[in-house]
Structures are given as C-alpha cells and as structure tokens.
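Reading the structure
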Amino acid sequence: MKDEVLKVADIVSYQVADIQEHLVQSAYVFLSNLAVSPKLQDPDSDECRRFVVELLPLYSSYVNIGVPNRNGILTCNGMPLSQAVDVSDRSYIRDAITGRYFTSSGVQVDRVTGVPTVNFAYPILNQQNINDVVGAAVVVISLEWWRSFMERSQLPPRSVAYILDANNQSVATYPPGIKYVPPAVLDRFWRSEDGVNRVFHKRQIMDDEGNVQLTFLTGVAVDTALSAVNKRYIMITMVFSVLIILVLILMHFFFMRSILKPLNVLTDLAIRLGRNEKMPTNSPIGVKEMDYLQRRFLEMASLKQKAEQDIIEQAQTDRLTGISNRDAFSQILSDSLAQVDPQHGKLAVILLDLDNFKEINDTRGHEVGDAILQQIADRLIQYPFYAKCISRLGGDEFVFLFDDQQVDLSKVLMLAENIHSLVKQPYFVFNDNVMVSASCGVAVYPDDGRDSRALMGAVDQAMYHAKASGRNCVKRFDWSLQQALLDKVELIKDLNKALKNDEFFLVYQPIVDQAGKASKFEALIRWNHPEKGLVSPDQFIPAAEESGLIIDIGDWVIQEAKTALSTLQIARGQDVQIGVNVSPLQLLNRREGANVFLSSLMTDSGESNHGADETNGLIVEITENLLMELDEHTRQVLLDFRKNGIQVALDDFGTGYSSLAYIMNYDIDFLKIDQSFVQTLGPESSSSSLCEAIISMAHKLGITVVAEGVETRQQADLLLQFGCDYLQGYYFAKPLRLEEAIIYPIQQTL
C-alpha cells in the first residue's frame, strides 16, 4: 500500500514538473519568434497593441502577452490597461533588456492579471541597429493550470499540493486557501497538523545555472485508502464469520471435516491478499459458496496486480514515441547483466544520436522535431533487428540492447550500419521531406565494460567519437578513446594550474621585410610543465579551447605581449609590432563584451590616435576557418578592429576554405602563406606557382603578404622574386626569448 501511494505522488509530481519544463521551452520558442516581428519595433504604438490583443486569444497557455519598452513602461498589452504600467522594477525584464537574453521571473503576482504567475521575457532588437534594444516581449503563464491538473489527477480525498518559489515560500496551494505546513519528512508516512496521514513527494525545476525556480510538493492522503482497505477486510471477515456460523449450524459435526479445509484455503487467501503476496492458483473447493468467494479473492488479486503493472508500464514508457524509456532500459540492462555468463556470454549496446537535431527544432519547430522522433521510433520497432530492447533515452538519443544469441562483433557492426541507414531515409512531415543523419556508437560486454555504468560510458564515448569524426557514421568503442579522454581530463586539470602557477611563457619569432629589417615579431606561447617539461602548443591549445580556458590564457598572452612590445619599441624603435594569435572563442566570448576585448588589444600607439590612420602595436592573427563561421557579433568585432587601427593577419592561408569575398569584406591587412607551401618551394614545383599566385592576388587587393616557414636561402630568394613583403622562419631565427629578441640584429643581409 505504501509503495502504491509513493508511486502516485511521484507520478503526479513528475508530470507537473514535466509540464512546467515544457511550458518554459515553448515560451522560449514563442518569444524568440515573436521578438523579430516588425509590429513590435515600437512598443508604445497602437499597431503593437492591436497585434498582441489579436494574438493573445490564439494561445490558451498564456493569460497575457505584453511588450514593455526599453524603459520598462508597459502600454502594449494583450489585456486592457486603464493606464501605462511601470514594470521596470521587475528584475527579469531588466535582465532581458540589458543582458539581451531569455529570462524568467520565477513565481510572482502579475500586476496586470493579479494572480500568481510565472513570466518570461525576451529582448526585442532594433531591426535597423541590432546593438539597440527597443523593449522586451513578455508572456504570462498562470499557475491555474496546476490547480486544474491537480483536480483532474483524482488524488485521494484530503490530499494536498503546493508550489514553492525560489525562497521555499508557498505561492499556490491545492485545495485553494489551505495553510502551507512544511512536511518533516519526504517519501514516508507523516501525520500533518490536521491529523491526516500523508506521503509527500517533491519535484524541482532548475534554471540554466542550477538554481531552483519552482518546487512542486505533493502530499497524497492515505487515511481514506487505508480505511477503504480496512473496511473491505472487515466486510470480508464479517462475511466469513457469518458463513462459518451458518455452516456450523447447518452442518454441525457431520460436515466439520469437509468445511475445515475450505476455510483454511479462504483464510490463506485473505491473509495473502492483505499482505500483498502472490496468490496461489487453487482447484475448486467443491462447495459452491466457497468456490465463489475463492474466485472473488483471485479476481481482486488479479485486478490489483494489473493496476500495479499499468502504473509501472506508464512510468517506463516514453510518452512521445510509445517505446520504452531510460528507466526501462536501465532495468533491462541491469537484469541482462545479472543473467549473462561473464566468461562466455556477451551483450551489445548500440547508441544512436541524431546529428544537428537542434537545428530542425529551431528552424522548423518542435512539432516537426517530435513528428520525426515518432517516425524514427516506428521504423526502429518495425524493422526486424531482433533487439532485446529498443528505448529512447531522451532528446534525440535511441539505444539498442542485443543479448547473447545475436552478439557477434561483425554482426553487431552490420546491425549498427543498418540502423544508421534506416534513420537516414527521408521523413515526410507536414507535406515536406526532411533529411536527418545520425552518429552511432557500439560497445560490447564484457570487452568494453563489466557493469552497466562502464558499458554505457563506453558506448557514449564511441558515439561522441563518431560525432568528432565528422558525424553521420558508426564507430566501435576503443580503449584508446578512454585513455584519450583521461589524458584530456588530466591535461585540462594541469592547464588550470599552469596559469595560476606562472608556467606559461612567450617567445618571439622575427619577421623581416624585403630589405632585411626585422620590425615585426610573432608571439608564440610555450608551456613548461613542472613534470613533463615543454608541452607543444599543438597538444594543449585544442584542450584549452574545448574547456574554455583559452579565453583566460588568451588574455594573459595579450597582456604579456603588450609588456614585451613596450620593451622592444624602446630597444628597436616605435615601428615594432607584435602579432598575437587570437582564438575564435575569444572573439565569440560575450562574458565581458566586445568593447572589453577591443580595449585589451589597444597599445599606447593605438590609443593615441582617434582612427585607423596609425597602426596599433599589436596585430591580431586569426585562422581561415574563423571567417567561414562568422556570426554578426564576430563580424562587428573585426570591423571594429579596422576602425581602431588594429591590423588583422589571416594565418595559415591556403589550408582552409575561405573565399576572396571574405577577405575583401573584412579588410584583411596581412596574408600569412602557410609553411606547407613554402617548405616545398623549388624552381619547378607547383608550390612556386601557388605562392606566386597568392602574392599577386593579395597585392591586387591591397593586402601585404608574409611567408611562414622559410628555412633555406633558395626559399627566401624565390619568395623575394615573387614580391613577397615579409619572410618568417628558421632561416632567420627560431622563436626567441624576449631578452634575445631585444638584441636580435635590426637589419639582416638578404
């Protein structure tokens, strides 16, 4: 009985929290689409008011839609207003306008509707100037949906439920108006102040930073249920008593022996039913009334067992696709591992994750995404894979379990390829064909893991290896993946210490012009690990970018290079410049804003002028791939460089896929020919033609050319013959410490 009540409380709380999470996600999609409507560009206009008034009745989930202006004054509102409402003191509206991101109020009393609500806001950008925020689009969701849900949930009488805000204060109750009394314990029987025994269960909604937004607390009353069971048992006992008395009177001593056995059977059934034990299948007793009672007992036990099974199946079924969910898969995998022979038996797990599925939801809507997931599930369960279990883990992940009879590595890999091909076939959704690809990982027990956690970790790594290999493929787990992951974790941990312990240092490689003058240097980072010695940048830069540490490391490089620049300019002249490599993450970083990053690059020479007539002491070096992935934010940063006299060099030119249009649009100052072309230079080599063409093309576009990796006199002569403006490489000098760079000859003989 206790387990049933706990399941009811858990299911109700889970459903409420799930509905709330769905409302948050749907509010984000709705507001992000609404914010780009031209009719909201002037939140104080009649056009805006008419638009939201017409829009509000179309969305039953929202009790109000409003558009406060940039000052937090609300006149554009879906519900009638007698006068403008000042909502500027609402922190979530201020955060949406100033921070330019999607925000939530938590629970509050809405000033327009006057009822407890959860509000969401999304910034509205000026379509003529995206740096200008004209206001915020706001939707209001009443908590009345929660009370309606609780009324439909058919909880036992005298059950209660509460919604608590982020401060653990009650903001809504069911039934309405009851006093909130915090339960002393959860998931156990507890007698409240009103004398009612209840079982309380809690579910929480978190924001993106892990902070609690809402808490759903459900208290299921058990007294009525226990009373009903007790009354039923009392009634049964009374019936038995009456029957026994009648039988004793009618049969007396003659039928005592024939009655004793049936009574023992019925008594045993009554005890088993009361203890929730398994009911035996008994043959007929031979007495009509006793056989009837026995059948009734068995029917009651069967109905009770079926009800429990229905609850379990609902808890283990994915509501969108109808197939089993993560909980069911975990249970089946655990049971299978317990049954399989670790010496000779095998199990296989295939994990499928759709590629770029978020883009489908973002561009076509979640309805299309949900329809695709349903069609995928239908295909997978109808295709004869003979899997022991096919489940949806959540989101766009599906998992397959194959038992000992089908587990042969070549066969499993072939099954994975078949699954991969099946998913790639087009989907016809809402009169349109949609293409989807997937990445698959394969892991086998016991080779790749001897328990469920290790096995799922292995197949997860295999799937991510498929993602990293270009997506749309199948990869088998390899222990080298595990070791690579451990090495990466260890490397990132060491990188965290390296910056704090001053383990990084910069070296400077000279760049000479056609006359042999070394007036430019490229700053290159080096890491002196206390145990491993010098670690190559090729090893630690990718890990730093993946972990986000590259932002702090990049800031350190810029400050170190600026300090070195001042020293070099004193020793070698004010025209000395230093090139610093900038990661795409530094340009994309919005933690401190583009203006802060731009200011960090400005040197004394750059700050003294008021335009781009004079050049800055630091040159920003970026890669070709960055130009291919520009968003509006990064594009504006590059244009701001030009306005402030900061020159930009396109590093490793020729290894990426950038077009001339990118180079012309963003006023690149320098092209740095990649050393792979320079090192194969020769009088008759194809590299010579390529280098000559690149130099000629760049000069016609007004771009200066630097050749990297010059190691021989012949290479230098050919590049100068082609008209290359600057040369860099071991032929002139390896990267130097600052004290060596200071005394490096100002003029070289070419």
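Residues numbered from 1 in each chain as written. Predicted model: local features only at pLDDT ≥ 70, side-chain atom pairs only at ≥ 80, totals over all residues. Heavy atoms only, no water.

Time to look at the overall build of the chain. Broken down by element type, the chain carries 25 helices and 28 strands. For the chain, buried positions account for 45% of its 750 residues. Sequence separation of at least 24 residues holds for 62% of the intrachain contacts in the chain that already meet a minimum separation of 6. Entry remark: accessible area of the chain is about 38600 Å², with carbon and sulfur atoms responsible for 51%. (Helix = DSSP H or I, 4+ residues; strand = E, 2+ residues; numbered from the N terminus. Buried < 20%, exposed > 50% of the residue type's maximum accessible area, 1.4 Å probe, protein only. Contact = heavy atoms within 4.5 Å. Areas by Shrake-Rupley, 256 points an atom, 1.4 Å probe, with all protein chains shown as cover.)

A word on the pattern of salt bridges. Per the counting criterion, the structure on display carries 17 salt bridges. Across the pair aspartate 132 and arginine 70 runs a salt bridge whose closest N-O atoms are separated by 2.9 Å. Placement of aspartate 132 in the loop between strand E6 (116–125) and strand E7 (133–142) and of arginine 70 in the loop between strand E1 (64–67) and strand E2 (73–74) is noted, with a sequence separation of 62 residues between them. Classification of aspartate 132 as partly exposed rests on a relative accessible area of 24%. We classify arginine 70 as partly exposed; its relative accessible area is 42%. Here lysine 346 makes a salt bridge to aspartate 447, at a shortest N to O gap of 3.2 Å. With a gap of 101 residues between them, lysine 346 in the loop between helix H8 (326–339) and strand E13 (347–354) and aspartate 447 in the loop between strand E18 (438–445) and helix H12 (452–468) connect regions that are remote in the sequence. Here lysine 346 falls in the partly exposed class, since its relative accessible area comes to 27%. In this structure aspartate 447 comes out as partly exposed when scored by relative accessible area, which is 39%. (Salt bridge = Lys/Arg side-chain N within 4 Å of Asp/Glu carboxyl O.)

Attention now goes to the packing of helix H9 (residues 357–364) against helix H10 (residues 366–382). The N-to-C vectors of H9 and H10 enclose an angle of 135°; their axes lie 6 Å apart at closest approach. As summarised for this structure, H9 and H10 are arranged oblique, according to the angle between their axes. Mapping the contact onto sequence places Phe357, Ile360, Asn361 and Arg364 in H9 and His366, Val368, Gly369, Ile372 and Leu373 in H10. Classifying every residue of the contact of H9 with H10 by side-chain character gives 5 nonpolar, 3 polar and 1 charged. (Axes fitted to C-alpha atoms, helices over the stretch in contact; angles between N-to-C directions. Parallel < 35°, antiparallel > 145°, perpendicular 65-115°, else oblique. Nonpolar A, V, L, I, M, F, W, Y, C, P; charged D, E, K, R; others polar.)

Once that is clear, we can look at the nonpolar core. Residues Leu495 and Ile578 are the most contacted members of the largest nonpolar core, which totals 70 residues. Here this core gets 10 residues from one element, more than from any other, and that element is helix H15 (residues 550–572). Beyond its immediate sequence surroundings of up to four residues, leucine 495 is in contact with Phe504, Trp527, Phe540, Ala543, Ala544, Leu549 and Ile553. If you look at the next biggest cluster of nonpolar residues, it comprises 40 residues, including Ala27, Val52, Tyr62 and Trp146. (Core = buried A, V, L, I, M, F, W, Y, C linked by side-chain atoms within 4.5 Å.)

Read from one edge of the open sheet, 5 strands run E3-E1-E7-E6-E5, paired in antiparallel fashion. Among the strands making up the open sheet, the edge pair consists of strand E3 (76–77) and strand E5 (103–109). (Pairing = 2+ DSSP bridges.)

Right, let's talk about the packing of aromatic side chains for a bit. Inspection of every chain in the model, using the stated rule, returns 15 aromatic pairs. Among the aromatic residues, ring-to-ring pairing joins Tyr28, Phe102, Phe120 and Tyr122 into one connected group. One residue, arginine 379, lies across the ring of tyrosine 427, its end atom 3.8 Å from the ring centre. If you follow lysine 734 out to its NZ or CZ, it ends over the ring of tyrosine 730, 5.5 Å from the centre. (Phe/Tyr/Trp six-rings, centres within 6.5 Å; stacked < 30°, edge-to-face > 60°. Lys NZ or Arg CZ within 6 Å of the ring centre and 35° of its normal.)

Across its 17 residues, H12 extends 24 Å between first and last C-alpha, which sits within 8% of the 24 Å expected from 1.5 Å per residue. Inspection of H12 places Leu455, Ala458, Val459, Gln461, Ala462, Met463, Ala466 and Lys467 among the buried residues, and these make up the whole buried set. The opening residue of H12 is aspartate 451, an N-cap whose side-chain oxygen sits 3.2 Å from the backbone nitrogen of arginine 453. (Expected span 1.5 Å × (residues − 1). Polar contact = N/O pair within 3.5 Å; in protein donor to acceptor, adjacent residues only side chain to side chain.)

To continue, consider the side chain of serine 583. With respect to the helices and strands, the residue serine 583 is situated in the loop between strand E23 (577–581) and helix H16 (584–588). The class for serine 583 is buried, based on a relative accessible area of 6%. Of note is the side chain of serine 583, whose polar atom sits 2.9 Å from the side chain of glutamate 545.

We now examine the environment of aspartate 396. Along the chain, aspartate 396 turns up in the loop between strand E14 (389–394) and strand E15 (397–402). For the pair aspartate 396 and aspartate 353, spaced 43 residues apart in sequence, the C-alpha to C-alpha distance is 5.8 Å. Setting aside chain neighbours within four positions, we find aspartate 396 in contact with Leu352, Asp353, Leu354, Phe357 and Leu373.

For the rest of this paragraph, the subject is the sheet that holds strand E8 (residues 160–164). Overall, antiparallel pairing links the 5 strands, which are arranged E9-E8-E12-E11-E10 in an open sheet. Sheet topology places strand E9 (170–174) and strand E10 (189–191) at the edges, where each strand pairs with a single neighbour. Across the sheet, the mean angle separating the axes of adjacent strands is 30° when strand polarity is ignored. Those strands touched by helix H4 (residues 144–152) are E8, E9 and strand E12 (212–221), and its axis lies near 30° from that of E9.

Right, let's get into the state of the cysteines. Scanning the model with the defined rule gives 1 disulfide in all. The disulfide partner of cysteine 48 is cysteine 76, and the gap between their sulfur atoms is 2.1 Å. On the sign convention where negative is left-handed, the bridge of cysteine 48 and cysteine 76, at about -90° about the S-S bond, is left-handed. Here the residue cysteine 48 occupies a position in helix H2 (residues 46–55), and cysteine 76 occupies one in strand E3, the gap between them amounting to 28 residues. Neither residue differs from the other here; cysteine 48 and cysteine 76 are each classed as buried. (Disulfide = S-S within 2.5 Å.)

Among the 10 residues of E7, 10 are classified as buried, and the element is accordingly described as predominantly covered. Two strands pair when backbone bridges link them, and E1 and E7 are joined in this way by 3 bridges, in the antiparallel orientation. When the bridges of E7 are listed, isoleucine 65 appears paired with valine 139. Judged from the 9 bridges that link them, E6 and E7 form a sheet pairing that is antiparallel. Across the sheet, isoleucine 124 pairs through a bridge with glycine 135, a residue of E7.

With that settled, the discussion passes to empty space enclosed by the protein. Tallied over the full model, the rule gives 4 cavities of 30 Å³ or more. Within the residue set of the lining of the largest cavity, elements represented by two or more residues are E1, helix H3 (91–99) and E7. Residues that form the lining of the largest cavity fall into these classes: 9 nonpolar, 5 polar and 3 charged. Quantified by volume, the second largest cavity comes out at close to 80 Å³. Residue lining of the second largest cavity: Ile511, Lys520, Phe521, Gln577, Ile578, Gly579, Ile619, Glu621, Ala649, Phe670, Lys672 and Val706, and that is the complete set. Among the elements that take part in the lining of the second largest cavity, E23 stands out by supplying 3 residues, more than any other. When the residues that make up the lining of the second largest cavity are grouped by side-chain class, the tally is 7 nonpolar, 2 polar and 3 charged. (1 Å grid on protein atoms, 1.4 Å probe; cavity = no way out; pocket = protein on both sides within 12 Å on 5 of 7 lines; lining within 4 Å. Points joined across faces, edges and corners; volume = space filled by probe spheres on them.)

This brings us to the side chain of arginine 379. Relative to the elements of secondary structure, arginine 379 occurs in helix H10. Buried and without a salt bridge, arginine 379 has aspartate 378 as its closest oppositely charged side chain, separated by 8.4 Å. Among the polar contacts listed, one links the side chain of arginine 379 to the backbone oxygen of proline 426, at a separation of 2.5 Å. (Lys, Arg positive; Asp, Glu negative; His and termini not counted.)

Considering every residue of the chain, the mean pLDDT works out to 81; 81% of them sit at 70 or more. Ranking the elements of the chain by mean pLDDT puts helix H18 (residues 604–607) last, at 56, and strand E28 (residues 726–727) first, at 96. Note on residues 606–612: pLDDT is under 50 here. Beyond four places in sequence and across chains, it has 10 contacts. (pLDDT = per-residue confidence, 0-100.)

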